[in-house]
Amino acid sequence: MEIVERMKKKNFKSNMITYAMVIIAFAIMQVWKTSGNLSSLLTGLLVPICVYVVLAISLNLVVGISGELSLGHAGFMCVGAFASAFFSKCTVDVITFVPLRFLLAVLIGAAVAAVFGLLIGIPVLRLRGDYLAIVTLAFGEIIKNVINIFYIGLDSNGFHVSTQDQFSLNMEADGQIILGGPQGITNIPKCSTFVAGVILILVALFIVLNLINSRDGRAIMAIRDNRIAAESIGISITKYKLMAFTISAALAGAAGALYSHNLSTLQASKFNFNTSILVLVFVVLGGIGNMRGSIIAAVILTVLPEMLRFLSDYRMLIYAIVLIVMMIFNWAPKSLELRERYLGRFFHKSAKEGE
């Protein structure tokens, strides 16, 4: 019992450190922003950073906690982005209170992505390893191409749908095109803010960290560590893997909603394979299963390419070197040994002082 209480205290302390890290970073950036010392480049990156942090946290739930390799995270982000942008475009004159409309848009984006995650997860999560990665990758590409073929308009008679072109919608004079095929959704109300992004990060952390430390989270990790042993003691493999996959998809959809409302034009081509790989890089470099590391990696690797633009041709070379250094720091045996030795000594000393 004493060991359990000690573990609970340790997890609580670790979670509080993660929340505090996000809040302190938010406070510092807000002070810089209001004082006018933050450059326009970094100001423009604040919302994208929040988007990628939420994506990294959500993917880490599948890759790090559930132990499955998913390459279709951009697909769920795409579904959430288009569902929320579609809702906002249709209700911009109906729901005039912007925070309420944006909140509903984020919830709709998360819900639609969760439904797709559930539908994809039921057959897909019976597969393992490379097969799961291939199927999720295919989903990401399919959803992008499906959105590109649809034209949807809205007039006084309701919605008009076509798969040919916008002229075949046959709308009234008061009609407007909501979804224009490859051109996507235009004139989206710009509601995303840095404050909304940080709130979404804290909500994502709250959901994921509480899931990890719950009974369901321990069941998910038991399946990851030993599937046969978990099944032998009555843990439902499909149920818990599907739970993690659906929650991850919902959070990716919410991140997509935040992303879409930071743009004036949303196109499906932006949610390609490279986006899924980029988020996976955040997770791997930050440490698989390490939420704090994923946050730090997402921030650094989002800001770094933009900060190195003045180096032109050498920008990607330095970016690649940073990736290699981060990989060595996180995964090299000697690096892990040094970190355990010095950090372990520090925490041991702190524990003694606390006693």
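Given the structure is predicted, the values throughout are model-derived calculations rather than measurements.

### Brief notes about a nonpolar patch on the surface
And then number 1: Together, V195, I199, V203, F206 and I207 give the surface a local cluster of nonpolar side chains, amounting to about 420 Å² of exposed area.
And then number 2: Locating I199 in the fold gives a position in helix α6 (residues 194-212).
And then number 3: Judged by relative accessible area, I199 falls into the partly exposed class, the value being 49%.

### A word on the confidence of the model for the chain
And then number 1: The predicted model of the chain has a mean per-residue pLDDT of 85, with 92% of residues at 70 or higher.
And then number 2: When the criterion is pLDDT under 50, residues 347-355 qualifies, and its contacts beyond four places in sequence or with other chains add up to zero contacts.

### Topic: empty space enclosed by the protein
And then number 1: Evaluated as defined, the whole model comprises one cavity of 30 Å³ or more.
And then number 2: Estimated volume of the largest cavity: approximately 40 Å³.
And then number 3: If you trace the largest cavity, you find it lined by L71, A74, G75, L137, G140, E141, F271, N272, F273 and S276.
And then number 4: Listing elements by their share of the lining of the largest cavity, those giving two or more residues are α3 (73-91), α5 (130-148) and α10 (273-286).

### A short note on the pattern of salt bridges
And then number 1: Summed over all chains, the structure comprises three salt bridges.
And then number 2: Notably, a salt bridge pairs E68 with K241, separated by 2.9 Å at the nearest N-O pair. Here the residue E68 occupies a position in the loop between α2 (40-66) and α3, and K241 occupies one in helix α9 (residues 237-260), the gap between them amounting to 173 residues.
And then number 3: Here R224 ties to D225 by a salt bridge, and the two come within 3.1 Å at their closest N and O atoms.

### Comments concerning the nonpolar core
And then number 1: Formed by 97 residues in total, the largest nonpolar core has its most connected members in I57, F82, L205, L266 and F271.
And then number 2: Looking at this core, the element that brings in the most residues is α2, giving 18 residues.
And then number 3: Apart from residues no more than four positions distant in its own chain, L266 is found in contact with A81, F82, A85, Q183, G184, I185, I188, Y259, S260 and F271.

Calculation criteria
- Residues numbered from 1 in each chain as written.
- Predicted model: local features only at pLDDT ≥ 70, side-chain atom pairs only at ≥ 80, totals over all residues.
- Heavy atoms only, no water.
- Patch = residues over 30% accessible without salt bridge, like charges linked within 9 Å, V, L, I, M, F, W, Y side chains within 5 Å.
- Areas by Shrake-Rupley, 256 points an atom, 1.4 Å probe, with all protein chains shown as cover.
- Salt bridge = Lys/Arg side-chain N within 4 Å of Asp/Glu carboxyl O.
- Helix = DSSP H or I, 4+ residues; strand = E, 2+ residues; numbered from the N terminus.
- Buried < 20%, exposed > 50% of the residue type's maximum accessible area, 1.4 Å probe, protein only.
- pLDDT = per-residue confidence, 0-100.
- Contact = heavy atoms within 4.5 Å.
- 1 Å grid on protein atoms, 1.4 Å probe; cavity = no way out; pocket = protein on both sides within 12 Å on 5 of 7 lines; lining within 4 Å.
- Points joined across faces, edges and corners; volume = space filled by probe spheres on them.
- Core = buried A, V, L, I, M, F, W, Y, C linked by side-chain atoms within 4.5 Å.

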